[in-house]
Amino acid sequence: FTFAFFSAQLARFVISPVVPNITREFGVGNGSIGFALTAMWIAYALFHLPGWALGYRFGERSVVIGALGFMPVGSLALSIAPLFLFFVASVVLLGVGGGLYYSASTSLLTKRTEHTGRAIGVHNMGAQVGALAAPVVATAVVLTYGWRGAVLAGAALLLPTALLVRWWVDPTPPARPD
């Protein structure tokens, strides 16, 4: 789960270092990009509660896998965005996926471990390392593949992570299926 949260954070934080490239390509100002990124973080915040509720309804593992599968769709859409409006919608998808992931994953960790505080702490450490690694990854990738390649780095990590969770984490029964 630590690597999953690392990948989820990297997918969102890799955008900021390439903002100058994005503003040039779309011909928009920093305020427009700021609006898009703010919308992403608002979606992230707003979807924590639905992530928890969906985890109770369908099982946390299902929501975690769904979110880890949903976020690469946002990264991929972001990488092919033909218009700035499409870019905004794509970053919001990243925020939605991240919000759904976090609540369900921490609920799942709580159910699976005796040392909940330690488990959530290590889990959150993955997010911080992902945020720290994002500028390095973005800089390394943007030089060769441009900003679109840089935002694909998140998708490249998230898809295999979703498959690993699917294979290695036992299904969780819904706490409240009705």
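As a reminder, the structure under discussion sits directly above these lines.
Keep in mind that what you see is a predicted model, and the values were worked out from it rather than measured.

## A closer look at the environment of Val122
Next, step 1: Summarising the element assignment, Val122 is placed in helix α7 (residues 116-168).
Next, step 2: Judged by relative accessible area, Val122 falls into the partly exposed class, the value being 36%.
Next, step 3: As for Val122 and Tyr102, which are separated by 20 residues in sequence, their C-alpha atoms are 13 Å apart.

## Considering helix α5 (residues 60-79)
Next, step 1: The end-to-end C-alpha separation of α5 is 29 Å, in line with the 28 Å expected for 20 residues at 1.5 Å each.
Next, step 2: Across the 20 residues of α5, 14 count as buried, placing the element largely inside the fold.

## A word on the environment of Tyr101
Next, step 1: Considering the arrangement of structural elements, one finds Tyr101 in helix α6 (residues 84-112).
Next, step 2: Taking C-alpha positions, Tyr101 is 7.0 Å from Leu68, a pair spaced 33 residues apart along the chain.
Next, step 3: Non-local contacts of Tyr101, meaning those with residues more than four positions away in its chain, are made with Phe1, Ala4, Phe5, Val64, Ala67, Leu68 and His123.
Next, step 4: At a separation of 2.8 Å, a polar atom in the side chain of Tyr101 contacts the side chain of His123.

## A look at the packing of helix α2 (residues 19-26) against α7
Next, step 1: Between α2 and α7, the shortest axis-to-axis distance is 10 Å and the interhelical angle comes to 55°. When the axis of α2 is compared with that of α7, the two are oblique. Where α2 crosses over α7, the two elements pack in a sense that is right-handed. Facing α2, whose interface residues are Asn21, Ile22, Glu25 and Phe26, α7 presents Val142, Trp147 and Arg148.

## Here we look at the nonpolar core
Next, step 1: Core analysis: the biggest nonpolar cluster contains 51 residues, and Ile15, Phe87 and Trp147 have the highest contact counts within it.
Next, step 2: In this structure Trp147 touches Val18, Asn21, Ile22, Glu25, Phe26, Leu78, Phe87 and Val142, once residues within four positions along its chain are discounted.

## Let's talk about the packing of helix α1 (residues 2-13) against α5
Next, step 1: Where α1 contacts α5, the two axes come as close as 11 Å, and the packing angle between them is 20°. When the axes of α1 and α5 are compared, the pair comes out roughly parallel. Helix-helix and strand crossings are classified by hand; for α1 and α5 the assignment is left-handed. For the pair α1 and α5, the contacting residues are Ala4, Ala8, Ala11 and Arg12 in the first and Leu68, Met71 and Ser75 in the second.
Next, step 2: Residue composition of the contact of α1 with α5, grouped by class: 5 nonpolar, 1 polar and 1 charged.

## Observations regarding a nonpolar patch on the surface
Next, step 1: On the surface, a nonpolar cluster with roughly 470 Å² of combined accessible area is contributed by Leu76, Ile80, Leu83, Phe86 and Leu152.
Next, step 2: By secondary structure assignment, the location of Leu83 is in the loop between α5 and α6.
Next, step 3: Taking relative accessible area as the criterion, Leu83 reaches 57% and is therefore assigned exposed.

## Here we look at the environment of Phe70
Next, step 1: Following the sequence through the fold, Phe70 ends up in helix α5.
Next, step 2: For Phe70 and Leu100, which are 30 residues apart along the polypeptide, the C-alpha to C-alpha distance reads 9.6 Å.

## Some thoughts on the pattern of salt bridges
Next, step 1: Counted according to the given criterion, the structure contains 2 salt bridges.
Next, step 2: With a closest N to O distance of 2.3 Å, Glu25 and Arg148 form a salt bridge. Residue Glu25 is found in helix α2, and its partner Arg148 is found in helix α7; the two are separated by 123 residues along the sequence.
Next, step 3: Of the charged contacts, one joins Lys111 and Glu60 as a salt bridge, the two residues approaching to 2.9 Å between their closest N and O atoms. Residue Lys111 is found in helix α6, and its partner Glu60 is found in helix α5; the two are separated by 51 residues along the sequence.
Next, step 4: Under the relative-accessibility criterion, Lys111 is labelled partly exposed at 45%.

Here is what the cut-offs are and how they apply
Residues numbered from 1 in each chain as written. Predicted model: local features only at pLDDT ≥ 70, side-chain atom pairs only at ≥ 80, totals over all residues. Heavy atoms only, no water. Helix = DSSP H or I, 4+ residues; strand = E, 2+ residues; numbered from the N terminus. Buried < 20%, exposed > 50% of the residue type's maximum accessible area, 1.4 Å probe, protein only. Expected span 1.5 Å × (residues − 1). Contact = heavy atoms within 4.5 Å. Polar contact = N/O pair within 3.5 Å; in protein donor to acceptor, adjacent residues only side chain to side chain. Axes fitted to C-alpha atoms, helices over the stretch in contact; angles between N-to-C directions. Parallel < 35°, antiparallel > 145°, perpendicular 65-115°, else oblique. Left-handed = near helix turned anticlockwise from the far one by under 90°. Core = buried A, V, L, I, M, F, W, Y, C linked by side-chain atoms within 4.5 Å. Nonpolar A, V, L, I, M, F, W, Y, C, P; charged D, E, K, R; others polar. Patch = residues over 30% accessible without salt bridge, like charges linked within 9 Å, V, L, I, M, F, W, Y side chains within 5 Å. Areas by Shrake-Rupley, 256 points an atom, 1.4 Å probe, with all protein chains shown as cover. Salt bridge = Lys/Arg side-chain N within 4 Å of Asp/Glu carboxyl O.

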